[in-house]
Amino acid sequence: MGKLIEGTRMRTLLNGEVVIDEWLADGGQGDVYRVSYNGTQKALKWYKQSGMGGEPGEFYKNLKNNVMTGPPSPEFLWPLDLIEPQQEGGVFGYVMDLKPQGYYEVSDFMLRRAVFASYRTAAGAAMQIVSAFRLLHNKGYSYQDLNDGNFFINPLDGKVLIADNDNVAPDNKKTGIIGKPRYMAPEIVMRKSMPNSLSDRYSMSVILFILFVMNHPLEGKRSLAAMSPARQEKLYGSHALFIMDEDNRANAPDPVYHKNALTVWPQLPDYMRALFSKAFGQKALKNPNARPAEYEWIDCLARFRSEIVSCRCGNEIFTQQGQSRNCDSCGSWITIPYRLKLHSGSIPGAAGSWLYRCQLGTCNADEALNREAHVVANKSDPNMLGIKNLGKTAWSVKLPDGSVRQVEPGRLVPLRDGISIGIATKAGIETVDIIKND
């Protein structure tokens, strides 16, 4: 049908009205317009005939179902309403929220057109991505076309929006969409499977690797050769090999073309390198069931975010188990006076550290990233630290002398050796011990 004309009015499935304001962009599946929708500014994706997969009727039914069921989490720029086909087999479109200013695609970060304000910010963005897909998969859906163009990320605060949700469908349901090259799981590349939640996990891991390492996990030395279709299928499918595979260095990063990977990888904590190695090891590349689950990524990223501290020179330091260490940049000794001992390890008792619900034992997916506590410094004396109750219930705090007092939400507990904090969860009381570092 070509480009829609400005001023065109169309009725929607939910008895709304769309007025075309201006054309914004041309995508692989269709054009995107700025529109007025019931008096508010929204975006309209209007499909091309070729952009609806092999079964346009099924694609439309699935999109209609997504409109009616609603989003699994606020991060999804979910289809809000639908403009139905004007004739049998005709094209159609859907209404969604506009992308706000200040958001960038994943490729912008890889090409350094956008840079995260800090590693803490990057970790926060990664946690939102994983949490959103955990909620999606828990509802029995898979994304099916997860790639670098699906995400809009604010580099200043790490907030994430997930677009192109028209391909979301019940897990293992065929929609005619198989994904984007370089982001499809090996079994999809080799046509051994259709997209599902397990192939989503692979694609999500690729996005996470790019955000942190700024390199594709399979694009090492082998990617420098001229790419024919057969060679591409080997690189991303039948002969896929992680660039950091310790047992096979045939696809290791090239020192000239892959400097980012060679610089960043050694700086990541060992538990993050281990989880990436699990996600892209030969076992997971060949067996989708061996890939890390979303909760593993959330636990890993929450720990990573909690363990980052800042040096006076402005550099961020990746600590381990809440221990003091030297700054990688200026060499100064970073003293971490206390650590917070959890059931799964310790995090630094340093200003800016967060404690997430997922770090307090088993929890539901929708509460995993709730912030339960925050270590803050006294405004008058930065050396005086306290841990603030950000939860909804009072803490039971045991002092070194054995006495117990209640600390209500919004109140602080001073960081002192020997204090034990009891935090109520649905599974019971989780204990956080404050321990003075040597």
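Remember, predicted model here, so these are calculated numbers, not experimental data.

> Could you give an account of the sheet that holds strand β4 (residues 40–47), with specific residues and numbers?
Across the sheet, which stays open at both edges, the six strands sit in the order β1-β2-β3-β4-β6-β5 with antiparallel pairing between neighbours. A single partner strand is all that each edge strand has here, and the edge strands are β1 (9–11) and β5 (81–83). The mean inter-strand angle of the sheet, taken between neighbouring strand axes irrespective of direction, is 40 degrees. Both β1 and strand β2 (residues 17–26) contribute to a ladder of three bridges, which runs antiparallel. Of the residues in β2, the one forming a bridge with Met10 is Val18.

> An account of the pattern of salt bridges is needed here, citing residue identities and associated values.
Enumeration over the complete set of coordinates arrives at 18 salt bridges. Linking Asp166 and Lys45 is a salt bridge whose minimum nitrogen-to-oxygen distance equals 3.1 Å. Of the two residues, Asp166 sits in the loop between β9 (160–162) and β10 (169–170) while Lys45 sits in strand β4, which places them 121 residues apart along the sequence. Lys45 shares its class with Asp166; the two are buried. Measuring nitrogen to oxygen at the nearest pair gives 3.8 Å for the salt bridge that ties Glu367 to Arg357. Separated by 10 residues along the polypeptide, Glu367 in the loop between β17 (354–356) and β18 (371–377) and Arg357 in the loop between β17 and β18 bring together distant segments of the chain. Each of the two residues, Glu367 as well as Arg357, counts as buried. Salt bridges sharing common partners tie together Lys45, Asp164 and Asp166.

> I'd like a rundown of the sheet that holds strand β21 (residues 404–407), residues and numbers included.
Within the open sheet, the six strands sit side by side as β16-β15-β24-β23-β20-β21. Their pairing is antiparallel. Single-partner strands in this sheet number two, and they are β16 (345–349) and β21. Taking each pair of neighbouring strands and ignoring which way they run, the sheet shows an average axis angle of 25 degrees. Sheet topology note: the strand β20 (residues 395–398)/β21 ladder contains four bridges and is antiparallel. Bridge pairing in β21 links Ser396 to Gln406.

Each value, and the rule that gives it
Residues numbered from 1 in each chain as written. Predicted model: local features only at pLDDT ≥ 70, side-chain atom pairs only at ≥ 80, totals over all residues. Heavy atoms only, no water. Pairing = 2+ DSSP bridges. Helix = DSSP H or I, 4+ residues; strand = E, 2+ residues; numbered from the N terminus. Axes fitted to C-alpha atoms, helices over the stretch in contact; angles between N-to-C directions. Salt bridge = Lys/Arg side-chain N within 4 Å of Asp/Glu carboxyl O. Buried < 20%, exposed > 50% of the residue type's maximum accessible area, 1.4 Å probe, protein only.

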